[in-house]
Amino acid sequence: MAMLEAEDAGFDAVFSRADEALYEAKGGGRNRTVLSAPKEEAGSALESTEPA
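The next thing to look at is the environment of Asp 8. Note on placement: Asp 8 falls in the segment before α1 (11-28). Among the polar contacts made by the side chain of Asp 8, one reaches the side chain of Arg 17 at a distance of 2.9 Å.

And the structure:
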């Protein structure tokens, strides 16, 4: 999952972050959601959670 940010030049930036999050989730196993972190949080690129 990725959100459109004010400083994005276009939808390609959002799709790129969403694609990275998708592959992070796929690599982490089943039933995962990964949220792309805002650009300001460059130290932690992706934050993932698993449902209970």
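Here the focus is unusual backbone geometry. Its identity is not glycine, yet Asn 31 carries a phi of approximately 55°, on the positive side. For Asn 31, the position within the fold is in the loop between α1 and β1 (33-36).

For the rest of this paragraph, the subject is the confidence of the model for the protein chain. Detailed reading of the predicted coordinates is not advisable wherever pLDDT is low. Put simply, the protein chain has an average pLDDT of 79, and 71% of its residues get 70 or more. Of all the helices and strands in the protein chain, strand β2 (residues 46-49) carries the lowest mean pLDDT, 52, while α1 carries the highest, 91.

Over its 18 residues, α1 extends 26 Å from the first C-alpha to the last, a length consistent with the 26 Å expected when each residue adds 1.5 Å. Taken together, the buried positions of α1 are Val 14, Arg 17, Ala 21 and Ala 25. In a view along the axis of α1, the buried residues occupy a sector of 80°, so they form one face of it. Seen from the buried face of α1, the exposed residues on the opposite side, beyond 90 degrees, are Asp 12, Phe 15, Tyr 23, Lys 26 and Gly 27. Following α1 by one or two positions, Gly 29 adopts a phi angle in the positive range, close to 115°.

Cut-off values and rules
Residues numbered from 1 in each chain as written. Predicted model: local features only at pLDDT ≥ 70, side-chain atom pairs only at ≥ 80, totals over all residues. Heavy atoms only, no water. Helix = DSSP H or I, 4+ residues; strand = E, 2+ residues; numbered from the N terminus. Polar contact = N/O pair within 3.5 Å; in protein donor to acceptor, adjacent residues only side chain to side chain. pLDDT = per-residue confidence, 0-100. Expected span 1.5 Å × (residues − 1). Buried < 20%, exposed > 50% of the residue type's maximum accessible area, 1.4 Å probe, protein only. Arc of directions from axis to C-beta.

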